[in-house]
Number of protein chains: 2
Amino acid sequence: MKRQAKISNAVIKRLPRYRRYLKELQKKGVDKISSNEFSNLIGYTASQIRQDLNNFGGFGQQGYGYSVDSLYKEISAILGLDRQYKMVIVGAGNLGQAIANHTYYYKAGFVVCGIFEINPRLIGIRINDIEVMDYENVVEYVEENDIDIGVICTTKEAAQEVADKLCFAGVKGLWNFAPVDIETPNHVAIENVHLSDSLHSLAYHMNRLNEEKN
Amino acid sequence: MKRQAKISNAVIKRLPRYRRYLKELQKKGVDKISSNEFSNLIGYTASQIRQDLNNFGGFGQQGYGYSVDSLYKEISAILGLDRQYKMVIVGAGNLGQAIANHTYYYKAGFVVCGIFEINPRLIGIRINDIEVMDYENVVEYVEENDIDIGVICTTKEAAQEVADKLCFAGVKGLWNFAPVDIETPNHVAIENVHLSDSLHSLAYHMNRLNEEKN
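Every chain is numbered independently, its residues counted from 1 as its sequence is written. Here every chain gets a letter starting at A, and every ligand a number starting at 1, in the order they are written. In keeping with the predicted nature of the model, local features appear solely for residues at pLDDT of at least 70, side-chain atom pairs appear and are counted solely at 80 or more, and the whole-chain, interface and lining totals rest on all residues. The side-chain figures draw on all heavy atoms in the structure; neither hydrogens nor water molecules are used.

Per an unreviewed UniProt entry, chain A goes by Redox-sensing transcriptional repressor Rex and derives from Candidatus Allocopromorpha excrementigallinarum. UniProt positions are given in the numbering used here, feature names are shortened, and annotations may be inferred rather than shown by experiment. Of chain A, the UniProt comment under Subunit (unreviewed entry) reads exactly: "Homodimer." Per its UniProt entry, chain A bears the Sequence similarities (unreviewed entry) comment "Belongs to the transcriptional regulatory Rex family."

S.K.: Could you clarify how one ought to interpret the overall build of chain A in this entry?
M.R.: Each helix is a run of H or I in the DSSP string that is no shorter than four residues. Each strand is a run of E no shorter than two, and both are numbered from the N terminus. Assigned secondary structure in chain A consists of eight helices and nine strands. Principal-axis analysis of the C-alpha atoms gives chain A an extent of 60 × 50 × 35 Å. Residue exposure (1.4 Å probe, protein chains only): buried if accessible area is under 20% of the type maximum, exposed if over 50%, otherwise partly exposed. Across the 214 residues of chain A, 51% fall into the buried class. In what follows, residue pairs with any heavy atoms lying within 4.5 Å of each other are defined as contacts. Taking the contacts inside chain A whose residues are at least 6 apart along the sequence as the reference set, 56% of them involve residues at least 24 apart. As presented, chain A carries roughly 10500 Å² of accessible surface, and 48% of it is formed by carbon and sulfur atoms. Computing the positive centroid from 24 side-chain charges and the negative centroid from 26, chain A places the two 10 Å apart. In short, Shrake-Rupley with a 1.4 Å probe defines the accessible areas, and a residue's cover is counted only from the protein chains shown. Neither His nor the chain ends is counted toward charge; the positive residues are Lys and Arg and the negative residues Asp and Glu. All charge positions are set by atom: Lys at NZ, Arg at CZ, Asp at CG, Glu at CD.

S.K.: I would appreciate a short explanation of the relation of the copies chain B and chain A in the present structure.
M.R.: Copy one and copy two of the chain differ by a rotation about an axis and a translation along that axis. When chain B is fitted onto chain A, the two copies agree to an RMSD of 0.0 Å after a turn of 180° and an axial shift of 0.0 Å. A rotation of that kind, with that shift, is consistent with a two-fold axis. Of every C-alpha in chain B, the one belonging to N94(B) sits nearest the axis of rotation, 2.9 Å from it. Superposing the copies works by least squares over the C-alpha atoms of residues that have pLDDT at least 70 in both of them.

S.K.: I tried to follow the sheet that holds strand β3 (residues 85-90) of chain A on my own but got confused; where do I start?
M.R.: Adjacent strands of a sheet form backbone hydrogen bonds with each other and so pair up, either parallel or antiparallel. Residues and elements named next belong to chain A. Strand order across the open sheet formed by seven strands is β5-β6-β4-β3-β7-β8-β9, with mixed pairing between neighbours. Edge strands, defined here as strands with exactly one partner in the open sheet, are β5 (126-127) and β9 (189-192). The pairing criterion is simple: DSSP has to find at least two bridges between the two strands. The pairing of strand β4 (residues 110-117) with strand β6 (residues 130-134) spans three bridges and is classified as parallel. What sits directly across from I115, in β6, is V132.

S.K.: Where do I start with the sheet that holds strand β4 (residues 110-117) of chain B in this structure?
M.R.: All names here are of chain B. Spatially, β5-β6-β4-β3-β7-β8-β9 is the arrangement adopted by the seven strands of the open sheet, whose pairing is mixed. Two strands close off the open sheet at either side, each with one partner strand: β5 (126-127) and β9 (189-192). Both strand β8 (residues 173-176) and β9 contribute to a ladder of four bridges, which runs parallel. Its bridge partner lying in β9, G173 is registered against A189. Fitted lines through C-alpha atoms give the axes, limited to the stretch in contact for helices. The angle between two N-to-C directions lies from 0 to 180 degrees. Packing of helix α7 (residues 156-169) onto the sheet brings it into contact with β3 (85-90), β7 (149-152) and β8, and relative to β7 it is tilted by some 170°.

S.K.: Help me understand unusual backbone geometry, please; the structure alone is not making it clear to me.
M.R.: Excluding glycine, residues mostly have negative phi values, and the peptide bonds linking residues are mostly trans. Residues and elements named next belong to chain A. For D129, which is not glycine, the phi torsion reads 65° and is therefore positive. Note that D129 resides in the loop between β5 and β6. Residue classification places D129 among the exposed positions, given a relative accessible area of 61%.

Now the structure itself:
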């Protein structure tokens, strides 16, 4: 898949959104969509949509629009969503439990295999039928079960140490919810989810709208 | 604050990150930082940093660097974080509880005043000493307590209806965690948090790193 080499990060960031809207179209039984119709739906300009999708060789046919099914499949393949990922969650507090429940809806694509905790009161409980295990055993578990992704739902203070341990054990990606930027070795992908950043953006936009009103 | 009028969305998106790093510097007792030092820390280029911060009139003095304190305060003010926001959470499941716990750490800035639920088994429990109330009473509560922000932690199916109700009741912003894009009237700001988009980006980057290795 060498064609991926030149795709910018900005385009990659938009692909999951395209995919979500295509999924909704599939559910509604829509077969074809023009870039103009897609634009009305998704809120990007038609020219942006054509430009973005041209990165992948262009799936649209002049006058026919895009095939919803094949575009969905192609974007899924580009994102690597045509395979399964095995995950462990570290931290079984509310956030860890929320993520375990949330990823349950991804069904086949992202499977939470184990949840790890240091708090003895949580070790042994089951969340969505997944056992909460002792964090002491996380390295062994990741190695033996070929885990792809580690999800960090710990405190800010523990996050980097947990990340180091998971990388050592062989995960290929980290999904970090602790409110700190985590460092990983070059061969391990990282996605830091900063909930507060999103809340602060919201505050900014609320104040802008308020200023415009006054 | 008319100077804000021309700041691009891309810059705004980076401000919370600048602010987070400045906070860490403050904690470490650092007074001044040059754009080069800041660049090493935050991972943007020094020229990007200078360009971004120039949007606000430029706080840096040639040869002196930026004052950590005043830059922190200025960015906080631009984001509107120099005041308090009152929030309600709708949906007291794991995610709602996780967000209630999470925002607890924001202390003074964002205060969760109430949590609302339709499930009778959850109504009446306390989360971080915040009472879970009957969703039936949400409009009245938002109106009477001048709530600024509604946090949507419901299912995808319920999200838009909840949003409409909160907007009707007078919130100025919505922070949406349901996996669907919510529509709001023009005067209400919206921040959709799509956790799956971030997981899909992670999958993409994992596969890219894997290709590079092979």
